[in-house]
Amino acid sequence: EPEVTQTPSHQVTQMGQEVILRCVPISNHLYFYWYRQILGQKVEFLVSFYNNEISEKSEIFDDQFSVERPDGSNFTLKIRSTKLEDSAMYFCASSGQGGTGELFFGEGSRLTVL
Amino acid sequence: AQTVTQSQPEMSVQEAETVTLSCTYDTSESDYYLFWYKQPPSRQMILVIRQEAYKQQNATENRFSVNFQKAAKSFSLKISDSQLGDAAMYFCAGGASGTYKYIFGTGTRLKVLA
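Note that the structure is predicted; figures quoted are calculated from it, not measured. (Residues numbered from 1 in each chain as written. Chains lettered and ligands numbered in written order. Predicted model: local features only at pLDDT ≥ 70, side-chain atom pairs only at ≥ 80, totals over all residues. Heavy atoms only, no water.)

**A few points about the overall build of chain B**
A count of helical and extended segments in chain B gives zero helices and 12 strands. Along chain B, helices (α) and strands (β) appear in the sequence β-β-β-β-β-β-β-β-β-β-β-β when read from the amino end. Expressed as lengths along the three principal axes of its C-alpha atoms, the size of chain B is roughly 40 × 30 × 20 Å. In chain B, which comprises 114 residues, the share counted as buried stands at 48%. Long-range contacts, defined as pairs at least 24 residues apart, comprise 54% of the intrachain contacts of chain B with a sequence gap of at least 6. Accessible surface, chain B as shown: approximately 5,500 Å² in total, 45% of it carbon and sulfur. The distance from the centre of the 11 positive side-chain charges to the centre of the 10 negative ones in chain B is 4 Å. (Helix = DSSP H or I, 4+ residues; strand = E, 2+ residues; numbered from the N terminus. Buried < 20%, exposed > 50% of the residue type's maximum accessible area, 1.4 Å probe, protein only. Contact = heavy atoms within 4.5 Å. Areas by Shrake-Rupley, 256 points an atom, 1.4 Å probe, with all protein chains shown as cover. Lys, Arg positive; Asp, Glu negative; His and termini not counted. Charge placed at Lys NZ, Arg CZ, Asp CG, Glu CD.)

See the structure below:
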């Protein structure tokens, strides 16, 4: 069964460093998303991406964040200069249709900022 | 603004018994979708069940059913004949039709007792 894959599963970084989280969405999906979950808190929407551009973003997704689909398969989230409060589990998701179609999630990338 | 509230951080159920997880979804939108996602330990979130707000009939998927009370903003998940494999974190989520983002609740951890 096709699934969304994410790498790395866990990354530890120093505050101020750049981090890139990678995702391979399901191959025929067109809509891509990043969510994050700070430990013990709710899952929060960061950004959605369609047709090589951002469709929606939350207030969390500030200038320190960027997303890219560098080739036909990967979807990346870059955090330019990490802060302690960026420590969270980051989930990538994809869907075959937009506008509240079913999201298929990856297992998440745990980011720890020291 | 939309809010999703899950007031039960943790629930327990005996194997083969029935359990109901609660969720409230508050939105000013008239057309929206509601979801229950299941997240087993160290695994990705998977969709359990989905409800379109405009539909009067409650959604059912095998042992999983919802009780959607639109006026009361209530969207509860009932799991019948609980199995050990049902043990997981359950997230309620909602999204307005035409948008690309879901709002998640804080989750309910379900324990199934043998």
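That shown, we press on.
**A short note on the interface of chain A and chain B**
With 21 residues of chain A at the interface, the matching set in chain B holds 23 residues. Buried surface at the junction of chain A and chain B, summed over both partners, amounts to about 2,000 Å²; 54% is from carbon and sulfur atoms. Across the chain A-chain B interface, the total number found is zero salt bridges. There are two residue pairs in polar contact (both at pLDDT 80 or more) connecting chain A and chain B. Mapped onto the side of chain A that touches chain B, the elements with two or more residues apiece are β4 (31–37), β5 (43–50) and β6 (53–57) of chain A. In terms of residues, the side of chain A that touches chain B owes the most to one element, β4 of chain A, which gives four residues. Taken together, the residues of the side of chain A that touches chain B sort by class into eight nonpolar, eight polar and five charged. (Buried area = accessible area lost by both parts, 1.4 Å probe. Salt bridge = Lys/Arg side-chain N within 4 Å of Asp/Glu carboxyl O. Polar contact = N/O pair within 3.5 Å; in protein donor to acceptor, adjacent residues only side chain to side chain. Nonpolar A, V, L, I, M, F, W, Y, C, P; charged D, E, K, R; others polar.)

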